[in-house]
Each structure stands twice: as structure tokens, then as C-alpha cells.
Amino acid sequence: MSPGGAYGAVTAENFGQPGVADYRNPSLAESMRVLGLVQRFGVGIDIARAALRRNAQPEPVFDVQPHWVRCVIRARSDVEDGVQ
């Protein structure tokens, strides 16, 4: 769960689409990039989706509301109580 809904160019309809990104605080975002805390802007969801695919997990489900965004990540269907 993340406080703050979609912002700027990002809407509930285009949330998570490749290349769609906007930042509430561009100075903070750029500082994080310069410090090496992020590599590129606007690719985090794609990276997460790829990692889930590699682990044979379902796609993440996003619930984008005006004041928050929730991301649900589900376990693999062959995993029961954390044991394969």
C-alpha cells in the first residue's frame, strides 16, 4: 500500500504501462538516481513483473485509488504455507 494515488501523466487507466511515469518531487527522484538508489526512471513495475514471471508467480494486481495505490503480489500456486 502506498499513500498518494496516480499523479500527473499517470492515471488509473495507464498505471503500470511501460514508459508512463511522473514524479511528485522531481528533485528527490533525480537525487536518488545520482546517488545510485535507482537506475532508471519508470521501469520498476516492469522489473517486478519480470521477476515474478521468472519465479512462476501471477502478475501483480494494482488497485489505483485517488489517495492510495495497493499492489497485491500472490504466491505461486504450488507453494503452500511457504513450503514447496
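### Here we look at the overall build of the protein chain
The secondary structure content of the protein chain amounts to 2 helices and 3 strands. Over its C-alpha trace the protein chain gives a radius of gyration of 15 Å, far above what one expects of a compact globule, namely 12 Å for 84 residues. Oriented by its inertia axes, the alpha-carbon framework of the protein chain measures out at about 45 × 30 × 20 Å. Relative to its 84 residues, the protein chain shows a buried fraction of 15%.

### A closer look at a nonpolar patch on the surface
A grouping of Leu 28, Met 32, Leu 35 and Leu 37 is seen on the molecular surface, where their side chains present a nonpolar patch of about 420 Å² in accessible area. Tracing the backbone shows Met 32 in helix α1 (residues 26–34). Met 32 sits in the partly exposed class, given a relative accessible area of 32%.

### Quick look at the side chain of Gln 57
One can find Gln 57 in the loop between α2 (44–54) and β2 (61–64). A polar contact is formed between the side chain of Gln 57 and the side chain of Asn 55, at a distance of 2.5 Å. Each residue touching Gln 57, except ones within four places of it in the same chain, is listed here: Leu 52, Ile 73, Arg 74, Ala 75 and Arg 76.

Basis of the calculations
Residues numbered from 1 in each chain as written. Predicted model: local features only at pLDDT ≥ 70, side-chain atom pairs only at ≥ 80, totals over all residues. Heavy atoms only, no water. Helix = DSSP H or I, 4+ residues; strand = E, 2+ residues; numbered from the N terminus. Rg over C-alpha atoms; globule rule 2.2 N^0.38 Å. Buried < 20%, exposed > 50% of the residue type's maximum accessible area, 1.4 Å probe, protein only. Patch = residues over 30% accessible without salt bridge, like charges linked within 9 Å, V, L, I, M, F, W, Y side chains within 5 Å. Areas by Shrake-Rupley, 256 points an atom, 1.4 Å probe, with all protein chains shown as cover. Salt bridge = Lys/Arg side-chain N within 4 Å of Asp/Glu carboxyl O. Polar contact = N/O pair within 3.5 Å; in protein donor to acceptor, adjacent residues only side chain to side chain. Contact = heavy atoms within 4.5 Å.

Worth remembering: the numbers are spatial, not functional.
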